[in-house]
Amino acid sequence: MTADTRKRLALLCPPGWTSFLTDIEKHLRSRYDLRTCYTESGAEITEAVKWADIIWLEWANELAVEVTNKLPMIENKRVICRLHSYEAFDGFIPKVNWDRVDDLIFVAEHIKRHALILRPALKEQVKRIHVIPNGLSPERFELKKRAPGKNLAFVGNVNYKKGPMLLLHSFRELLKHNSGYRLFVAGRFQDERYALYFDQMIRELALEKNIVLDGWVDDISGWLDDKQYIVSSSLLESQGLGIMEGMLHGLKPVIHNFAGASEIYDRRYLWNSIEEFVQMILSDEYDSAEYRTCIEERYSLKAQLKALDKMFAANPGNHQPEKAAMSSPSENKPTHGIDFNQPLPRTAELVDNRKQFLIEFCRGKRVLHIGCVDSGLMEQRIAENNFLHYHISRVADELIGADIDDDGLRHLANAGYEVHRLDLQTDRELLQKLAARVDLIIIPEVIEHLSNVGLALDNLKQCRFKGDVVITTPNAFSYRAAVQLARGIELVHPDHNYYFSPTTLKTLLAKHGFDIARLLLYWWPTDDETGRNMARVLPNCPYYAEGLIAIIRDCDQ
């Protein structure tokens, strides 16, 4: 961020809503000439916007609506807006002028998905969209190793989003098994109806000795000291920082499986029913160090600030479409300002045997091979001595196979291979366990079959995998496919859902937190007219090759 060191940055936020900004403000102050504007005064906001080179709008609420629609001087400034969660549900998204926003930050992937469903045009209106979770500084939270006990902690103001009725009745069910449990609530009632409800039901259910309403608590660390469980009954959270604070202290998390919870927390910490809530509390499983490590590894303040630095470093200029590395003919540029010409490197690595490349890449490594069965073609591949999984097993130090083809998996298991049934789109926990055992993941000819490639990449991102991931997929601009298309035939596997090009693959990966470290293109020579033509064409235009090989890495690793 050297180039931006002296830029003027205005941090705009409604008063009383700054709780997520403390560490960010300190970090940015060390890098920019920073001015905070935590006010509702229109004059002060206008003055801050005029002064700044960069404007940060905290929350996509009334303030963002006002600034983006009524202050035209932001047109030539870089505008960043951070959307937490409630803004996506309370009608603000259609009111913000997103054409004037350069960077939109979501704090959670599931909130981003919902926002894009509400307004798909965001992807075109906003120059860059990021998912940067809130981070916590572990050193602020002392780990106290605990054991199963009788004290439950609930942290958060009580409102409809927190599922207070579910909390109350789940706790009452727990008391049927042991009346010694106590529920402590740290937070204010934000709706008088819930205060009345709690007051009545605590009396009606004779829970006066079991529920303690402590109201707002300033020293959460001290308050948590004698508790053993951090519980949540929420119907929606972006992350649930109160839960995370409890986990850093070593409390066992007992989290209702709210929309998006499984993308944030290990499924072992989630409950769907009141019965599951009770069993999680009664269980002897308890590991304070594990709970803390989960947050340290996934949601550290250091990782959040690193991601913000990376965001600021990306094209820090004003809100103008990024120019291509090589100029394009002006007649090809549309009048609305978006340049559809995406230059590609003039040379590219060509591989004339995709499988042999993968085999050599796997040599001497511990490998997770996703899509190991080669569904519908496995028996033919085996008969031709062309079965990729077999040949990798001959050179890899360790090989784990994964697929969704049950028949193929049984065949491989009977042949002595270690295999697992794994759906990249849904089986995040198993993916994390398998990824932890290997130093290379290969996903050849799989992503084009998936219904939701983005979800699969998000699951892979959650693994925090530090090694290489190799993805191969057919090329949308294959010469061989183009020849067939001229004959009225589409050359495509009937189970494919997508076509990828070098640019669209790079774009998709970047949106889900991955960089392409190395891009190759593969083809297979054939002794026919098309094959001979390809051999002549590819040296000068490698992008007509059959497919793409992307060696990718997690941007944050």
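Attention in this report is confined to the structure presented alongside it. Just so we're clear, the structure is a prediction, and the values are computed from it rather than from any experiment.

Considering the overall build of the protein
Now for step 1: Counting secondary structure elements, the protein contains 21 helices and 20 strands.
Now for step 2: Relative to the compact-globule value of 24 Å for 557 residues, the protein shows a C-alpha radius of gyration of 27 Å, a close match.
Now for step 3: Once the C-alpha set of the protein is aligned to its principal axes, its extents read approximately 85 × 65 × 40 Å.
Now for step 4: Per-residue burial for the protein yields a buried fraction of 51% across its 557 residues.
Now for step 5: The long-range share in the protein, meaning contacts at least 24 apart out of those at least 6 apart in sequence, stands at 76%.
Now for step 6: Of the accessible surface of the protein, which amounts to about 26,500 Å², a share of 49% is contributed by carbon and sulfur atoms.
Now for step 7: The protein carries 69 positive and 78 negative side-chain charges, and their two centres are separated by 3 Å.

Things to note about the pattern of salt bridges
Side chains carrying opposite charge are able to pair once their charged atoms draw close together.
Now for step 1: One pass over the structure, following the stated rule, counts 36 salt bridges.
Now for step 2: Taking the shortest distance from any N to any O, the salt bridge between Arg-8 and Asp-53 comes out at 3.8 Å. Remark: Asp-53 occurs in the loop between helix H2 (42–51) and strand S3 (54–58) and Arg-8 occurs in strand S1 (residues 8–12); sequence separation between them is 45 residues.
Now for step 3: Residue Arg-8 is classed as partly exposed on the basis of its relative accessible area, which comes to 33%.
Now for step 4: Taking relative accessible area as the criterion, Asp-53 reaches 28% and is therefore assigned partly exposed.
Now for step 5: The salt bridge involving Arg-31 is made with Asp-309; its shortest N-O contact spans 3.4 Å. Of the two residues, Arg-31 sits in the loop between helix H1 (22–29) and strand S2 (33–37) while Asp-309 sits in helix H12 (residues 301–313), which places them 278 residues apart along the sequence.
Now for step 6: Judged by relative accessible area, Arg-31 falls into the partly exposed class, the value being 27%.
Now for step 7: Overall, the relative accessible area of 17% leaves Asp-309 in the buried class.

Comments concerning the sheet that holds strand S10 (residues 229–232)
Now for step 1: Here we have 6 strands laid out as an open sheet, ordered S9-S8-S7-S10-S11-S12, and parallel in their pairing. Because the sheet does not close on itself, it has two edges, and the strands there are strand S9 (211–215) and strand S12 (270–271).
Now for step 2: Of the pairings in the sheet, the one linking strand S7 (residues 151–155) to strand S8 (residues 182–186) comprises 5 bridges and is parallel in character. Considered in S8, the bridge of Val-155 is made with Ala-186.

Thoughts on the side chain of Asp-403
Now for step 1: Within the secondary structure, Asp-403 is located in strand S15 (residues 398–403).
Now for step 2: The side chain of Asp-403 sits in the buried core without any salt bridge; Arg-421 is the nearest counter-charge, 7.8 Å away.
Now for step 3: From its side chain, Asp-403 meets the backbone nitrogen of Val-373 in a polar contact 2.9 Å long.
Now for step 4: Engagement of the side chain of Asp-403 in a polar contact is seen with the backbone nitrogen of Asp-405, the distance being 3.2 Å.
Now for step 5: Once residues within four sequence positions are removed from consideration, Asp-403 is found in contact with Gly-371, Cys-372, Val-373, Asp-374, Ser-375, Leu-409, His-420, Arg-421 and Leu-422.

Quick look at the packing of aromatic side chains
Now for step 1: Overall, the coordinates contain 16 aromatic pairs when judged by the stated rule.
Now for step 2: Measuring from ring centre to ring centre gives 5.7 Å for Tyr-286 and Tyr-291, while their planes differ by 75°; the resulting arrangement is edge-to-face. For the residue pair Tyr-286 and Tyr-291, the accessibility class agrees, reading buried in each case.
Now for step 3: Geometrically, the ring pair formed by Tyr-522 and Trp-524 is stacked, given 6.5 Å between the ring centres and 25° between the ring planes.
Now for step 4: The exposure class assigned to Trp-524 is partly exposed, which follows from its relative accessible area of 41%.
Now for step 5: Cation over ring: Lys-150 sits above Tyr-181, and NZ or CZ is 5.2 Å from the ring centre.

Overview of the side chain of Glu-448
Now for step 1: Positionally, Glu-448 belongs in the loop between strand S17 (440–444) and helix H18 (453–462).
Now for step 2: Here Glu-448 is buried and forms no salt bridge, its nearest opposite-charge partner Arg-354 lying at an N-O distance of 8.1 Å.
Now for step 3: Setting aside residues no more than four positions away along its own chain, Glu-448 makes contact with Thr-472, Thr-473, Pro-474, Asp-495, His-496, Asn-497, Tyr-498 and Phe-500.

Description of the pairing of strand S4 (residues 78–83)
Now for step 1: Burial of S4 is extensive: 6 of the 6 residues sit out of reach of the surface.
Now for step 2: The alternating pattern of S4 places Arg-78, Ile-80 and Arg-82 on one face and Val-79, Cys-81 and Leu-83 on the opposite face, and all of these are buried.
Now for step 3: Once the chain exits S3 it traverses helix H3 (residues 62–70) before rejoining the sheet at S4, and the crossover so formed is right-handed.
Now for step 4: Here 4 bridges tie S4 to strand S5 (residues 103–106), and the two strands are oriented parallel to one another. Directly across from Ile-80, in S5, lies its bridge partner Asp-103.

Some words on the nonpolar core
Now for step 1: Formed by 56 residues in total, the largest nonpolar core has its most connected members in Leu-152, Leu-183, Val-231, Met-247, Tyr-265, Phe-277 and Ile-281.
Now for step 2: Not counting residues up to four positions away in its chain, the partners in contact with Leu-183 are Leu-152, Phe-154, Leu-167, Phe-171, Asn-210, Ile-211, Val-212 and Val-231.
Now for step 3: By size, the runner-up hydrophobic cluster in this structure holds 39 residues, among which are Ile-447, Val-453, Val-469 and Leu-505.

Points about the sheet that holds S1
Now for step 1: Reading across from one edge, S2-S1-S3-S4-S5-S6 is the order of the 6 strands in this open sheet, with parallel pairing throughout. Each end of this open sheet is capped by a strand with a single partner; those strands are S2 and strand S6 (128–131). In this sheet, adjacent strand axes meet at a mean angle of 20° when their direction is disregarded.
Now for step 2: Those strands touched by H2 are S1, S2 and S3, and its axis lies near 165° from that of S2.
Now for step 3: The strands touched by helix H4 (residues 109–118) within the sheet are S4, S5 and S6, with S6 carrying the most contacts at an inclination of about 145°.

Here we look at the packing of H1 against H12
Now for step 1: Packing of H1 against H12 brings their axes to within 11 Å, and their N-to-C directions diverge by 50°. Considered as vectors, H1 and H12 are oriented oblique to each other. Like other packed secondary-structure pairs, H1 and H12 cross with a definite hand, here right-handed. For the pair H1 and H12, contact is made by Asp-23, Ile-24, His-27 and Leu-28 and by Leu-301, Gln-304, Leu-305, Leu-308, Asp-309 and Phe-312, respectively.
Now for step 2: Its residues placed into classes, the contact of H1 with H12 shows 6 nonpolar, 2 polar and 2 charged.

About the criteria used
- Residues numbered from 1 in each chain as written.
- Predicted model: local features only at pLDDT ≥ 70, side-chain atom pairs only at ≥ 80, totals over all residues.
- Heavy atoms only, no water.
- Helix = DSSP H or I, 4+ residues; strand = E, 2+ residues; numbered from the N terminus.
- Rg over C-alpha atoms; globule rule 2.2 N^0.38 Å.
- Buried < 20%, exposed > 50% of the residue type's maximum accessible area, 1.4 Å probe, protein only.
- Contact = heavy atoms within 4.5 Å.
- Areas by Shrake-Rupley, 256 points an atom, 1.4 Å probe, with all protein chains shown as cover.
- Lys, Arg positive; Asp, Glu negative; His and termini not counted.
- Charge placed at Lys NZ, Arg CZ, Asp CG, Glu CD.
- Salt bridge = Lys/Arg side-chain N within 4 Å of Asp/Glu carboxyl O.
- Pairing = 2+ DSSP bridges.
- Polar contact = N/O pair within 3.5 Å; in protein donor to acceptor, adjacent residues only side chain to side chain.
- Phe/Tyr/Trp six-rings, centres within 6.5 Å; stacked < 30°, edge-to-face > 60°.
- Lys NZ or Arg CZ within 6 Å of the ring centre and 35° of its normal.
- Right-handed = clockwise from strand over helix to strand, strands pointing away.
- Core = buried A, V, L, I, M, F, W, Y, C linked by side-chain atoms within 4.5 Å.
- Axes fitted to C-alpha atoms, helices over the stretch in contact; angles between N-to-C directions.
- Parallel < 35°, antiparallel > 145°, perpendicular 65-115°, else oblique.
- Left-handed = near helix turned anticlockwise from the far one by under 90°.
- Nonpolar A, V, L, I, M, F, W, Y, C, P; charged D, E, K, R; others polar.

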